[in-house]
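Results of the structural survey
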Amino acid sequence: MTQAPRLGRRAFLTRTAAGSLAATGLGALPQALYAATAQPGADAGPARKGGTLVATWGGLEPQALFVPGGGGSSPFQTSTKILERLLKLDADLKFQPALALSVTPAADFRSYTIKLREGVTWHDGAPFTSADVVYNVLQHWKPISAGIALKSLTDATAPDAQTVVLTFNAPVPEFFLKSTLSGQYQLLVPKHLYDGKDLITNPLNNTPVGTGPWKYGKWVRGSHVEYQRNDKYWNPGEPNLDKLVIRWWSDPASRGAALETGELGLAYSNPVPARDIDRLVKTGKVVVDTRGYQNTAWTVTAEFNQRRDIVNRREVRQAILHAIDRQFIVDTIYYGRGKPAIAPIFSSNPLFFTEDVPRYPFDPKKAASLLDAAGLPVKDGKRFTVNLVAAAWFEENAKLGQYLKQALEDVGIAVKLDSVDRATALKRIYGDYDYDIAVSNFTSPLELVPTVTQFFTTDGIVKGAAFRNATGYSSPEMDALVGKLAVETAPDARKALAAQFARLASTDVPIVPLVEIQSFTLAGKNVRNFTTGANVQGETLADVWLQA
Amino acid sequence: MPLRLILRRLLQAVPLLLGVVVLNFALIQSVPGTFLDVMTAEQQVTDPALIERLRVTYGLDQPPTVQLLKYIGSVASLDFGYSYRHNLPVLDVILAHLPATLVLMLASIAIAVLVGMAAGIVSAIKVNTWWDSAVSAFAVLCFAAPSFWLGIMLIILFSVKLGWFPVGGMVTIGLDGGLWRQALDVLHHLALPAIALGLFYSAAYARVMRASMLEVSRMDYVRTAYAKGLTRTAVVLRHILRNAVLPIVTLLGLQLGSVLGGSIVVEAVFSWPGIGGVLFDSVMSRNYPVVLGILVLSSFVVVLANIVVDLLYTRMDPRIKAV
Amino acid sequence: MSASPTLATLPVARATPRPASFAARFVRNRGAVAGAVVLLLIALLAASAGWLYPTNPLRIVGAPEIWPFESWRYPLGTDSMGRDIAALIAHGARATLLIGLVAAAAATVIGVSIGAAAAWSGGWIDEVLMRVTELFQIIPNVVFVLTVVSVLGPHIEAITLAVGLVSWPPIARLTRAEFLSFKEREFVQASRAVGMSPLRIVAAEILPNALPPVIVMSSLVVAGAILYESVVSFLGLGDPNIASWGRLVGEGRSLIRSSWYICAVPGVAIMLAVLSLNLVGDGLNDALNPKLQKR
């Protein structure tokens, strides 16, 4: 690895000592090629071919490489290298063609014509055609992975091998449909291998066959999965690398150490505690990048169970919100990596964000007086007791539970805190609805419907399904508003409706995003082009390359 | 005749294993939420018909006693069920991860025995000197330090600061080369976790070895050897060591279950791809086929180890008759 | 994490006269004395925690991650959320000792009962009880504790129960062995001949003689319990409402590289507690076995 101009001697020596990088002393090569680039990981010259990349994310190994119903971020990372989608939302928030060259709405927005890319083959050699797309739309997406989004879909037909027509029984906004087609769970699986079998339990989910730049190689459970280069990928020349390895560490400290030693090259989605980022970047071996998460903005929420007395009163909820110092949460629990959220639409969403919403600034005195006014004075040392259930699948949630306990106790509310593991959390919060206040999370794409709106609509109440409307909040006004939002096709009108939605959500406050959590990626200094999408965990990594 | 002894002990083990299965089955049944709840929640499966179909598929619609009997029956034919979470039969899941854990356990036990024996011998030979006290202090410290803490400290010192050892995992990904090279690579990764796990147990071996050697050195035949004019070294090597080793063997067998438990924690710290991680994940996700499978199999291994230790003991000490 | 099963001792011809009393014998062992002192200090800390640090130690009181000795207000620094580590250590001493003592007490009660019953009854009762003991010994302890805690929830009661459940088998075995050796002794047979009720014999004659080694083992069980609790907390199943040392280690785990003192300090505390318990246990064992001598 050559020496960039601003590397000090010590850093240079450390690198050579680590021995994890290629030969040094390449004085002959032009400095311009290796000039310190402003954007970490951005394109710096022609892509170099070859090499192996070891990638990971901030969580654990998935249960299968491809999980049709979703399964979370882990299978999302593993499946999107092999299976592809019709469109891709890039880092500039524009839709790029992937397997679809164009998606065009009809004049009444009740049907869309999709033109497919030609010359695409599955890894087993069979051609990719419109029949595959129709199969996926009707047998995979609508019943399993995108039931709510495709609620108004009535049919999918294939007039010819490169064209698919989707018909709906209501107008569908263009951004909404394109967002769905490029969405996290709209992957395409080969019809000829899946048709007639149960999608969810198909063993092929462990050795997927797709159209992507990577082919399944070998999965060593408990350790890593190896992907081979697809030499017949539809984009000639890609992928740039020879081999891709996705590996998992159960311990964040090990991930950081692996980045330092070069064992790990690319880590998405908060792989190390935020505390360690500065230290890792200072070593000169690692870069940090916070771009590429616009379409998956994470938040931590406080959810109030509408079925329980006291917290089902709006004035009580609003009072409680005044007792919470969101900035403190950002600074202490998230180490400054984030900002206080003011509404279910986040500041990272340029299409729909609005600041014109009711606010609840941190003011414990006001909280206390509001509670008094609500007829809940302090008696025998407390006003009332709540059961706070913190889903401890993130360490931060457990800490937030402890902070909330203290914050509420400071205004006279007694709190019984339960910090529960994933299985118990899913059962108590989304199955049994056994809580007064819950701490949970969700991630939001730019398109609000249905991912964000389902937390506020009556049809989002689905007992047993995780990350839906678990509070039981039901308001005819909200339902009508969301109904209009779903079918309004004019972008400006849609934006206005979204602002109304944000205002209503922030007034009734059944589920309150407290913090816009900033996600970040860490990569080795020689990795290029790892942030070209708006949800980088799902990048195909076809265009990633390694600087020598 | 050892064969009859082996068979008899194996037969004695059967009700024991049965007890393990029943106990753990009962335990898992009382856990709130089944793996199906987790699965349906995560995969957004809410269609009641589909859920019912899945319940039937995974046999959850039967009353617990029926499920238990069916499970016992299938275990007898070495079918431990299917793990939805891994999309594989449970036995395959376990076998895929078992070698890594066995390697770690064996290495840890080797380190524990070797370090412990060495420490015990040194402190016995130099009994009552400061060597003795120092070794005893070291031994007790190893016993007192939590192994996960020790592991983390080792990582910081030897992996990060010094860079002598890798941070975690069992292999370097993408390492080509012959079997020898791969074996060395594994050993390289094995060093720190095995030390973290092994040091804890070395304390017991050190203590036992020391006491045992002191006891043996009082024996008449040792005095006779001295009287015959043999040097101290010769006496130690030829007489004392051989007989002092017996309690070590007993201890070995007794600690196998404990080492397995310890490896769970160490595997977490070092991201070692063994059963420990699978077990922890399965307990958390209520994947009881895997939990039961691991518990039954590990219990069986412990029982086997005890039998082997008994046999070895009768071999090594002719004074003890095989009962 | 088994307690050392053999503290082998042996007879020796003595040059010096043998100390007569138990206390004197105990004091001769320097390690045991040191251990006892440390233990006493920890107990004192636990007892006075409420007086030294009257507010809830889980309260956030300062800036997060202040290093030890940086600020006189927080001599041991603050943790990731800004809580006073010294307060957490003091209150944690209470929780840690409590868990250890209660778990050991439970294990002792169960173990002694089962061991005594097995030894006294003999026959098939003995056989069955021993099989049950073996059953609990076979299941890897950490696994069992984890399973029980996830069944019952991450509460201090569940953790204590789980630890108690895995700790009783060695006590049962030891009790049974002791009972068996005393059962055939003359004074017991004499009592039986006289017609004393079995319960009276057990309580008045056998137990006082059989208990000492059991007590020694219990001290090791306390140490084991402390270690188990720290493992459970480390793996994330600790009780969030209680300040325990193990929990502090668990929380400091992700900060091991920048603020490793958060793990180190409670880790050292655990080590000291376990160490002192072991030393005291050794000392008790040596002192209680006057005929046998370590050297």
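Report follows, based on the coordinates. (Residues numbered from 1 in each chain as written. Chains lettered and ligands numbered in written order. Predicted model: local features only at pLDDT ≥ 70, side-chain atom pairs only at ≥ 80, totals over all residues.)

**Let's talk about the overall build of chain C**
For clarity, the cut-off: To qualify as a helix, a DSSP run of H or I must reach at least 4 residues; to qualify as a strand, a run of E must reach at least 2; elements of each kind are numbered from the N terminus. Buried means a residue has 20 or more other C-beta atoms within 10 Å of its own C-beta, exposed means 12 or fewer, and partly exposed covers the counts in between; C-beta atoms are placed from the backbone. In this description, any two residues whose backbone-derived C-beta atoms lie within 7 Å of each other are considered to be in contact.
Counting its regular elements, chain C contains 10 helices and 0 strands. Listing every helix and strand of chain C by position from the N terminus yields α-α-α-α-α-α-α-α-α-α. Here chain C, with 295 residues, has 53% of them falling under the buried criterion. Across chain C, contacts joining residues at least 24 apart in sequence account for 70% of those joining residues at least 6 apart.

**As for the interface of chain B and chain C**
Quick reminder of the rule: Note on residue classes: Ala, Val, Leu, Ile, Met, Phe, Trp, Tyr, Cys and Pro are nonpolar, Asp, Glu, Lys and Arg are charged, and everything else, Gly too, is polar.
Counting residues at the interface gives 48 residues for chain B, matched by 40 residues for chain C. Only helix H1 (2–29), helix H6 (130–144), helix H7 (147–161), helix H8 (179–217), helix H11 (246–270), helix H12 (275–284) and helix H13 (288–316) of chain B provide two or more residues apiece to the side of chain B that touches chain C. For the side of chain B that touches chain C, the element with the most residues is H11 of chain B, which contributes 11 residues. When the residues that make up the side of chain B that touches chain C are grouped by side-chain class, the tally is 34 nonpolar, 11 polar and 3 charged.

**Observations concerning the sheet that holds strand E6 (residues 153–160) of chain A**
All names here are of chain A. Put simply, the rule is: Here, any two strands with at least 2 DSSP bridges between them count as paired. Angles here are taken between N-to-C directions and fall from 0 to 180 degrees, while the axes themselves are lines fitted to C-alpha atoms, restricted in helices to the stretch in contact.
If you walk across this open sheet you meet the 4 strands as E4-E5-E7-E6, and the pairing is antiparallel. Only two strands of the sheet have a single neighbouring strand rather than two, namely strand E4 (100–105) and E6. Going across the sheet, the axis of each strand differs from the next one's by a mean of 20 degrees, ignoring polarity. Pairing analysis gives 5 bridges linking E4 to strand E5 (residues 111–116), with the strands arranged antiparallel.

**Some thoughts on the interface of chain A and chain C**
On the side of chain C, 16 residues touch chain A, which itself brings 19 residues to the contact. Only helix H6 (252–261), helix H7 (275–282), helix H11 (395–410) and strand E16 (414–420) of chain A provide two or more residues apiece to the side of chain A that touches chain C. For the side of chain A that touches chain C, the element with the highest residue contribution is H11 of chain A, accounting for 7 residues. Taken together, the residues that form the side of chain A that touches chain C break down as 7 nonpolar, 6 polar and 6 charged.

**Thoughts on H11 of chain B**
Counted only if it meets this: Expected helix span is given by 1.5 Å per residue-to-residue step, counting one fewer step than there are residues. Throughout, bend refers to the angle between the axes fitted to the seven residues that end at a position and the seven residues that start at it.
Compared with the 36 Å implied by 1.5 Å per residue over 25 residues, the 33 Å span of H11 of chain B between its first and last C-alpha is a close match. Remark: the principal bend of H11 of chain B, roughly 50 degrees, maps to Gln255 of chain B.

**So, helix H2 (residues 30–52) of chain C**
Residue and element names in this part refer to chain C. Its 23 residues give H2 an end-to-end C-alpha distance of 31 Å, which sits within 8% of 33 Å, the value for a rise of 1.5 Å per residue. At Ala46, H2 is bent by approximately 35 degrees, the largest bend along its length. Those residues of H2 not exposed but buried are Ala32, Gly35, Leu39, Ile42 and Ala49. Buried positions along H2 lie against helix H1 (22–28), helix H3 (85–121) and helix H10 (261–288).

**Side note on the pairing of strand E9 (residues 224–229) of chain A**
All names here are of chain A. Bridging between strand E8 (residues 214–220) and E9 involves 6 bridges; their strand directions are antiparallel. Each residue of the ladder has a partner; that of Trp219, found in E9, is Val225. The antiparallel pairing of E8 with E9 creates a hairpin that spans 3 residues between the two strands, and Gly222 there sits at a positive phi of about 90 degrees. Two strands pair when backbone bridges link them, and E9 and strand E10 (residues 243–247) are joined in this way by 5 bridges, in the antiparallel orientation. Opposite Tyr227, over in E10, you have Leu244 as the bridge partner.

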